[in-house]
Amino acid sequence: MKLKSIFMLAVMTLCMMSCSNDENSEDMNYGKEIAKVYNGYTKSTAQYFPDGMYATGEKLEITREGDNKVNIGYVSETFGTFEIKNATVSKNGATYKVEGTGTTIMGMNGTGKSYECSLSAEVSASGSTFRFTVPAVMGGMTVDFIEGDAPANVMVTGSYEGMAKAVAQYFPQGMTSENQTVTVKVADNGKVNISYTSDTWGTFTINDATVNMNGDIYTIEGAGSCLMGMSEESKKEYPCTLKASIDSEKNSPEFVFSVPSVMGGLTITWSPASASASN
């Protein structure tokens, strides 16, 4: 009887050791579990551009360095090459957390300089985010890589350079202005803010405009105001509306601003004039 008890105790001990080893083995496979190429978009912010700059069609790669260590590589056409080696991977529930330090090489005209950067990331089946922080660049720069397709309001952001044609009841033949810039910025809740300043017609501001996608065309609709007048003292605010369409390549966008209460109805149509948008 005593021998049987000793045997059973030995079996139980071996089982517990096996389970413990399995758990440790699972804990030490995090690097392998998240190693792959991630597709997404980025938002970069700095003291010089607090509203953020966006880039789409980005790729980031994680390679396994050890059981709970990984290397992260990301190349940005705008900000250079980010490399984080031996980053530590931990797991909390279904979410992996990655932290590490490394370098980014960035510069202009073929001259690159290395800067220290850090990485903090969360990886999960529902979506992954990676934040690179570079304290010594542009007053402190962060680059957020977000896995997945960019939302519609991100896709249409940019500064659009072109020409504008204004038509009203008083001048149906139209008046054309060159070197006109329309700026589209991301707003909350999937919307955008649009601004346009004309030397002739004043400043147009459209906030919280709605963005929709129909095939390869993004449409924008919103309402706002136009501040115009012959002098600073005579400037007056008028209600205006905007309708815009932007193709996915940003080759042939169009913005139409309408001011019903000015000159019997003023319409300003912006067109690219062989220009393109820059994020």
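Residues numbered from 1 in each chain as written. Predicted model: local features only at pLDDT ≥ 70, side-chain atom pairs only at ≥ 80, totals over all residues. Heavy atoms only, no water.

**Let's talk about the environment of S128**
Here is the rule we go by: Secondary structure elements are taken from DSSP: a helix is a run of H or I of four residues or more, a strand is a run of E of two residues or more, and numbering for both begins at the N terminus. Contacts between residues were defined by any pair of non-hydrogen atoms, one from each residue, lying within 4.5 Å. Under this definition, polar contacts are N or O atom pairs within 3.5 Å; protein pairs additionally need one hydrogen-donor-capable and one acceptor-capable atom, and for neighbouring residues in sequence, both atoms have to be side-chain atoms.
Mapped onto the elements of the fold, S128 is located in the loop between β6 (113–123) and β7 (129–134). Sequence-wise, S128 and G40 are 88 residues apart; in three dimensions their C-alpha atoms are separated by 9.2 Å. Setting aside residues no more than four positions away along its own chain, S128 makes contact with Y38, E122, V123, F145, I146 and E147. Looking at S128, its side chain comes within polar contact range of the main-chain nitrogen of S124, at 3.3 Å.

**Points about unusual backbone geometry**
A positive phi is found at M138, a non-glycine position, where the angle reads about 50°. Looking at the element boundaries, M138 is found in the loop between β7 and β8 (141–147). For M263, which is not a glycine, the phi torsion comes out positive at approximately 55°. Secondary-structure assignment places M263 in the loop between β15 (254–259) and β16 (266–271).

**Describing the side chain of D247**
Stated formally: Type-normalised accessible area, obtained with a 1.4 Å probe on protein chains alone, sets the label of each residue: buried when under 20%, exposed when over 50%, and partly exposed for intermediate values. Counting rule applied: Lys, Arg positive; Asp, Glu negative; His and chain ends not counted. Salt bridges are identified by distance alone: a Lys or Arg side-chain nitrogen within 4 Å of an Asp or Glu carboxyl oxygen.
Along the chain, the position of D247 falls in strand β14 (residues 236–247). Despite its burial, D247 pairs with no opposite charge; the closest candidate is K250, at 9.6 Å N-O. Among the polar contacts made by the side chain of D247, one reaches the main-chain amide nitrogen of N251 at a distance of 2.9 Å. A polar side-chain atom of D247 sits 2.7 Å from the main-chain amide nitrogen of S252.

**Things to note about the pairing of β15**
Filter applied, for reference: When DSSP locates at least two bridges between a pair of strands, those strands are taken to pair.
Where burial is concerned, the two faces of β15 differ: the one with F255, F257 and V259 is buried and the one with E254, V256 and S258 is not. Pairing analysis gives five bridges linking β14 to β15, with the strands arranged antiparallel. What sits directly across from T241, in β15, is S258. The turn linking β14 back onto β15 is made up of six residues, and K250 within it adopts a positive phi angle of 60°. Taken together, the five bridges between β15 and β16 define a ladder with antiparallel strand orientation. For V259, the partnering residue across the bridge sits in β16 and is L266.

**Considering the pairing of strand β1 (residues 36–46)**
The pairing of β1 with strand β2 (residues 49–66) spans nine bridges and is antiparallel. Residue pairing across strands places N39 opposite K59, the latter belonging to β2. Hairpin connection of β1 to β2: two residues between the antiparallel strands. Strand direction decides the pairing type here: β1 and β8, joined by six bridges, are antiparallel. Bridge pairing in β8 places G40 opposite E147.

**Digging into the confidence of the model for the protein**
Caution applies to low-pLDDT parts of the model: their predicted coordinates are not meant to be read in detail. Put simply, the rule is: Every residue is assigned a pLDDT by the predictor, reflecting its confidence on a scale from 0 to 100.
Residues at a pLDDT of 70 or more form 86% of the protein, whose mean pLDDT is 88. Contacts from residues 18–27, a stretch scored under 50 in pLDDT, to residues over four places away or in other chains number one contact.

**Side note on the packing of aromatic side chains**
The cut-off we apply is this: Classification of ring pairs rests on two measures: the distance between centres of Phe, Tyr or Trp rings, Trp counted by its six-membered ring, which must be within 6.5 Å, and the angle between planes, read as stacked under 30 degrees, edge-to-face over 60 and tilted in between. Charges are assigned to positions over rings by a cutoff of 6 Å between ring centre and Lys NZ or Arg CZ, combined with an angular limit of 35 degrees from the ring normal.
Counted under the stated rule, the structure contains 15 aromatic pairs. For the ring pair Y30 and Y96, a centre distance of 5.8 Å and an interplane angle of 75° mean the geometry is edge-to-face. One end of the pair, Y30, is in helix α2 (residues 30–34); the other, Y96, is in strand β5 (residues 95–106), with 66 residues separating them in the sequence. On the accessibility criterion, Y30 (10% relative accessible area) is buried. Residue classification places Y96 among the buried residues on the basis of a relative accessible area of 12%. Among the aromatic side chains, those forming a connected cluster through ring pairs are Y38, Y74, F82, F130, F132 and F145. K36 extends its terminal NZ or CZ atom over the ring of Y38, reaching a point 4.8 Å from the ring centre.

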